[in-house]
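Take a look at the letters that make up each chain.
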Amino acid sequence: MQPLDQFAAEKLLQLESQNLRRILVETHRSTNGTAKRSGRELISFACNDYLNLSGDSRVVRAAQKAIEQYGVGAGASRLVTGNHPLYQNLEKRLARLKNTEDACVFGSGYLANLGIIPSLVGAKDLIVADELSHACILAASKLSSAHLEVFRHNDIHHAAEILNERRAQHPHAMILTDGVFSMDGDLAPLNELSALAKDYESWLMTDDAHGVGVLGAGRGSTFSSGVQAEVPLQMGTLSKAIGSYGGYLCASKSVINLIRTRARTLIYSTGLPPAIVAASIAALEIIETHPELTARPLENAQLFTQFLGVPEAESCIVPLVLGDPEQTLRASESLEKEGYLVTAIRPPTVPTGTARLRFAFTAAHDPKDIRRLAEIVKQKILKG
Ligand SMILES: Cc1ncc(COP(=O)(O)O)c(C=O)c1O
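Residues numbered from 1 in each chain as written. Predicted model: local features only at pLDDT ≥ 70, side-chain atom pairs only at ≥ 80, totals over all residues.

## Observations concerning the pairing of strand E2 (residues 34–37)
- As paired elements, strand E1 (residues 28–29) and E2 share 2 bridges and run antiparallel to each other. Across the sheet, the residue bridging to arginine 29 is alanine 35, located in E2.
- Remark: 4 residues form the turn of the hairpin made by E1 and E2, two consecutive strands paired antiparallel; glycine 33 in that turn has positive phi of roughly 95°.
- Inspection of the sheet shows E2 paired to strand E3 (residues 40–44) by 4 bridges, in the antiparallel sense. For lysine 36, the partnering residue across the bridge sits in E3 and is glutamate 41. (Pairing = 2+ DSSP bridges. Helix = DSSP H or I, 4+ residues; strand = E, 2+ residues; numbered from the N terminus.)

## Notes on helix H11 (residues 274–289)
- Compared with an ideal rise of 1.5 Å per residue, which puts 16 residues at 22 Å, H11 spans 23 Å between its outermost C-alpha atoms and is within 8% of the ideal.
- Of all 16 residues making up H11, 12 are buried, and the element is well covered by its neighbours.
- Those residues of H11 that fall on the buried side of the exposure criterion are Pro274, Ala275, Ile276, Val277, Ala278, Ala279, Ser280, Ile281, Ala282, Ala283, Leu284 and Ile287.
- Residues of H11 that are buried make contact with helix H2 (57–70), helix H4 (86–98) and helix H12 (291–308). (Expected span 1.5 Å × (residues − 1). Buried ≥ 20, exposed ≤ 12 C-beta atoms within 10 Å, placed from the backbone. Contact = placed C-beta atoms within 7 Å.)

## Considerations on the packing of helix H7 (residues 156–166) against helix H8 (residues 190–199)
- Packing of H7 against H8 leaves a shortest axis separation of 11 Å and a crossing angle of 15°. Judged by the angle between their axes, H7 and H8 are roughly parallel. Seen along the crossing, H7 lies across H8 with a hand that is right-handed. Within the contact between the two elements, H7 uses Ile156, Ala159, Ala160 and Leu163 and H8 uses Glu192, Leu193 and Leu196.
- Its residues placed into classes, the contact of H7 with H8 shows 6 nonpolar, no polar and 1 charged. (Axes fitted to C-alpha atoms, helices over the stretch in contact; angles between N-to-C directions. Parallel < 35°, antiparallel > 145°, perpendicular 65-115°, else oblique. Left-handed = near helix turned anticlockwise from the far one by under 90°. Nonpolar A, V, L, I, M, F, W, Y, C, P; charged D, E, K, R; others polar.)

## Examining the domain arrangement of the protein
- Per the domain assignment, the segments of the protein are domain 1 (21–50 + 316–382) and domain 2 (56–289).
- Computed over C-alpha atoms only, the centres of domain 1 and domain 2 are separated by 27 Å.
- Contacts between the two partners involve 11 residues from domain 1 and, on the opposite side, 11 residues from domain 2.
- Looking at the side of domain 1 that touches domain 2 residue by residue, the classes come out as 7 nonpolar, 2 polar and 2 charged. (Domains from an automatic or database assignment.)

## Brief notes about the packing of H2 against H11
- At their nearest, the axes of H2 and H11 sit 8 Å apart, and the two run at 150° to each other. The orientation of H2 with respect to H11, classified from their angle, is roughly antiparallel. Remark: the crossing between H2 and H11 carries right-handed chirality. On H11, the residues touching Arg58, Val59, Ala62, Ala63, Lys65, Ala66, Ile67 and Tyr70 of H2 are Pro274, Ala275, Ala278, Ala279, Ile281, Ala282, Ala283 and Ile286.

## Brief notes about the site of the ligand
- With respect to spatial proximity, 13 residues lie near the ligand, and among them Ser108, Gly109, His134, Ala209 and Thr237 are the closest.
- Taken together, the residues of the shell around the ligand break down into 3 nonpolar, 8 polar and 2 charged. (Near = placed C-beta within 6 Å.)

## Regarding the sheet that holds strand E9 (residues 233–237)
- The strand order E4-E10-E9-E8-E7-E5-E6 describes an open sheet built from 7 strands, whose pairing is mixed. Looking at strand neighbours, the two that pair on one side only are strand E4 (102–106) and strand E6 (147–151), the edges of this open sheet. If you compare each strand with its neighbour and ignore which way they point, the axes differ by 20° on average.
- The pairing of E4 with strand E10 (residues 247–251) spans 5 bridges and is classified as antiparallel. Bridged to alanine 103 within E10 is cysteine 250.
- Each of strand E5 (126–130), E6 and strand E7 (173–178) is contacted by H7, which is oriented at about 150° to E6, the strand it contacts most.

## Things to note about the environment of arginine 167
- Relative to the assigned elements, arginine 167 resides in the loop between H7 and E7.
- Among the residues examined, arginine 167 registers 17 C-beta atoms within 10 Å and is labelled partly exposed.
- Taking the C-alpha atoms as reference points, arginine 167 and valine 128, separated by 39 residues in sequence, lie 9.7 Å from one another.

## What about the nonpolar core?
- In terms of nonpolar packing, the biggest core is built from 116 residues, with Tyr248, Leu249 and Ala278 touching the most fellow members.
- No other element matches the 10 residues that H11 contributes to this core.
- Split by domain, the residues of this core number at least three in each of domain 1 (21–50 + 316–382) and domain 2 (56–289). (Core = buried A, V, L, I, M, F, W, Y, C linked by C-beta atoms within 7 Å.)

This is the structure we're talking about:
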C-alpha cells in the first residue's frame with residue numbers, strides 16, 4: 001500500500017502542475033470593503049459581506065450582549081439544550097422576510113442543504129437539479145440516495161424533458177436550483193421553474209445564499225421580479241449579506257416540523273453560538289428597515305458592468321471568464337499589484353475551461369474605485 005504521506009505529496013504535486021492547488025492566505029479583512037495581505041491594504045472585491053453588516057456596530061453590540069448573557073458556545077445540539085431563547089426570534093424574522101409560515105435555522109448553509117434534502121427525498125425519489133447548483137446541493141442530493149439528474153444551466157426545456165421522461169417512475173421529485181448562481185451571478189428563472197414544478201408535481205427548492213439581503217428589497221431572489229415566485233422551500237445562509245453565520249430553511253409549518261424531527265445535521269450537530277444568532281437578528285432588523293441599503297450592492301455591480309461594457313449585472317456577483325487556470329491566477333495577481341483583491345476561481349469550483357475572476361460588490365464600495373478597477377481590467381486583462 002502507498003504510504004499516506006507519499007499519496008498526499010504526489011496528489012499535491014499533480015494539482016500544482018495543473019495550477020489547481022489551493023492555498024490559505026492570511027487575510028486581515030476589514031468590514032468596510034478592504035483587506036490587508038502581507039501588510040498591504042487592498043480594496044476587496046472578494047467578499048460576500050455584501051451589506052458590510054459583519055462589522056456594523058449594532059450587529060456587534062447585539063453579539064457582545066448575547067455573549068455576556070449566554071456565554072460563547074451553545075453547549076449541545078438544539079434538540080438537547082442548545083435551543084437558546086434567541087432562536088425563536090430569528091426563525092420568526094426569517095419566516096416573515098420570506099413570507100412563509102415558519103423557518104428552521106442550521107449551523108451553516110452547507111449543513112442546511114445536507115440536512116434538508118435527504119429529509120425530504122430518498123432512494124426511490126427523483127432530484128432534478130441545475131448543473132451549476134452549489135456544491136452542497138449536489139453533495140446533499142447524492143447523500144439522499146435519490147436518482148439525480150442535472151439539467152443544463154437555466155434550461156427549462158431540458159428540465160422539462162427530464163421530468164417528462166422520469167417523473168412517473170418516482171413517488172416524489174424535487175427541483176433544485178440556486179436563486180443567484182454563486183460563480184456566475186445570474187438568476188434562476190424561478191417563475192418558470194415553479195410552473196414546471198406544478199406541472200410535474202415536484203417540490204421546488206431554491207438556495208438563495210447570494211440573494212437574501214440584496215435582491216427584492218432584501219427578501220431575496222424569490223421576490224426580485226416584484227411578485228413573489230411560488231417556491232415552497234426557500235433555503236439560504238446567514239453568512240453572506242446577513243454578515244453572521246448559519247443557514248436556514250423557510251417553508252410551511254408542517255415541512256419545518258418534519259425538518260426539525262428528521263434533519264441529521266440539525267439533530268447531530270451543536271447549535272449555533274448565541275452571539276451569532278443575536279448578530280443575525282440585529283442584521284435582519286437593519287435589512288428589513290433599510291431597503292435603500294439592500295439596493296446598493298447591485299447598483300455597484302451594475303456600475304462596474306456599465307464601465308466595463310459587458311451585460312448588466314443581475315446580482316452582486318460579476319464573473320469574468322478567462323478559461324485557463326494559470327491565466328486567471330496571473331490576472332488576479334496583476335489586480336492585486338494594483339491594489340485590488342479579486343479571487344481567481346478555478347475547477348472544480350467551476351467547470352473545466354471556465355476559470356474566472358469573480359468580482360463581488362458590497363454597499364461600501366466607492367464608485368471611484370469601481371471605475372478605476374474597470375479601467376485596469378480593460379487595460380490589463382481584456383487587452384492583455
Ligand atoms: C449558493 C450557496 N449555497 C450554500 C453555501 C454554503 O453556505 P455556508 O457558507 O453558510 O455554509 C454557499 C456559500 O458558500 C453558496 O454560495
